[in-house]
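So the chains spell out like this:
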Amino acid sequence: MTRKLLILLFFLITCLAESQNLEWKTNVIDAITLSNEERKPLLIFFTAVNVPENLQNEVFKTSEFEKWSRRNVILVKLDLSDSAVSNEVKEQNIKLKNAFGVAALPEICYATGSIRNGKTAFNLLGRIPYSSNGVKSFITDSNLILNPE
């Protein structure tokens, strides 16, 4: 009995530890470099301090999203209200938000990026505003953007 309990406990701890290991990049340049190395598009999460956390709770904190994101995208979180970032980075993030046509937060943009001669260029693949349809719907919508056949 004790052995079975220990095995179950080990399994649960391993699953919980893995589900909390999402790595969100906050530097767009680093994210583009990694995106190009791994040949994965960027999932850019635009958010701010007072934005409801429904999207994070219903989608990002699920094991389904964690598994899907590891295989398909480079995660980028741009908190437009983050006081820890420099004014230059904050301005860059706001320009990116405006260039992608993000009107309401939170919103997800899928993009590819490149850096040539010190200039950053993006190709917007698509956007997904928050929807309360859950993680399966989010992944389905994301796959339609990333694999438009």
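One can find the structure itself at the top, above this paragraph.
Residues numbered from 1 in each chain as written. Predicted model: local features only at pLDDT ≥ 70, side-chain atom pairs only at ≥ 80, totals over all residues. Heavy atoms only, no water.

Student: Can you walk me through the pairing of strand β4 (residues 119-129) in this structure?
Tutor: Regular strands show a simple pattern: their side chains alternate between the two faces of the sheet. In this structure, strand β3 (residues 107-116) lies alongside β4, joined through ten bridges in antiparallel fashion. From the neighbouring strand, Arg116 faces β4, where its bridge partner is Lys119. Counted along the chain from β3 to the antiparallel partner β4, the turn is two residues long, and its residue Asn117 has a positive phi close to 55°. (Pairing = 2+ DSSP bridges. Helix = DSSP H or I, 4+ residues; strand = E, 2+ residues; numbered from the N terminus.)

Student: I'm lost on the packing of helix α4 (residues 63-72) against helix α6 (residues 135-146) in this one. Help?
Tutor: Their axes nearest at 10 Å, the elements α4 and α6 cross at an angle of 15°. Overall, the two elements α4 and α6 adopt an arrangement that is roughly parallel. In this structure, α4 crosses over α6, and the sense of that crossing is right-handed. Contact residues: Glu64, Phe65 and Trp68 in α4; Val135, Lys136, Phe138, Ile139, Ser142, Asn143 and Leu146 in α6. Here the contact of α4 with α6 is built from residues that sort into six nonpolar, two polar and two charged. (Axes fitted to C-alpha atoms, helices over the stretch in contact; angles between N-to-C directions. Parallel < 35°, antiparallel > 145°, perpendicular 65-115°, else oblique. Left-handed = near helix turned anticlockwise from the far one by under 90°. Contact = heavy atoms within 4.5 Å. Nonpolar A, V, L, I, M, F, W, Y, C, P; charged D, E, K, R; others polar.)

Student: How do you make sense of the sheet that holds β3 when you look at a structure like this?
Tutor: Neighbouring strands of a sheet are bound in pairs by backbone hydrogen bonds; such pairs are parallel or else antiparallel. Ordered in space as β2-β1-β3-β4, the four strands form an open sheet in which the pairing is mixed. Edge positions in the open sheet fall to β2 (74-79) and β4, since each of these has one partner strand only. Put simply, the sheet's adjacent strands are angled 30° from each other on average, direction ignored. The pairing of strand β1 (residues 42-47) with β3 spans five bridges and is classified as antiparallel. In the sheet register, Phe45 faces β3, and the bridge partner there is Ile108. Contacting β1, β3 and β4, α6 crosses the sheet at an angle of about 135° to β4.

Student: Can you walk me through the packing of aromatic side chains in this structure?
Tutor: Given two aromatic rings, one states the distance between the centres and the angle between the planes to describe the pair. Within the structure shown, the criterion is met by nine aromatic pairs. For the ring pair Phe60 and Phe138, a centre distance of 6.2 Å and an interplane angle of 85° mean the geometry is edge-to-face. One end of the pair, Phe60, is in helix α3 (residues 54-60); the other, Phe138, is in helix α6, with 78 residues separating them in the sequence. There is no split in this pair, since Phe60 and Phe138 are both buried. Summarising the aromatic geometry, the rings of Phe65 and Phe138 are spaced 6.0 Å apart at their centres and angled 65° between planes, so their arrangement reads as edge-to-face. In this pair, Phe65 is assigned in helix α4 and Phe138 in helix α6, connecting sequence segments 73 residues apart. (Phe/Tyr/Trp six-rings, centres within 6.5 Å; stacked < 30°, edge-to-face > 60°. Buried < 20%, exposed > 50% of the residue type's maximum accessible area, 1.4 Å probe, protein only.)

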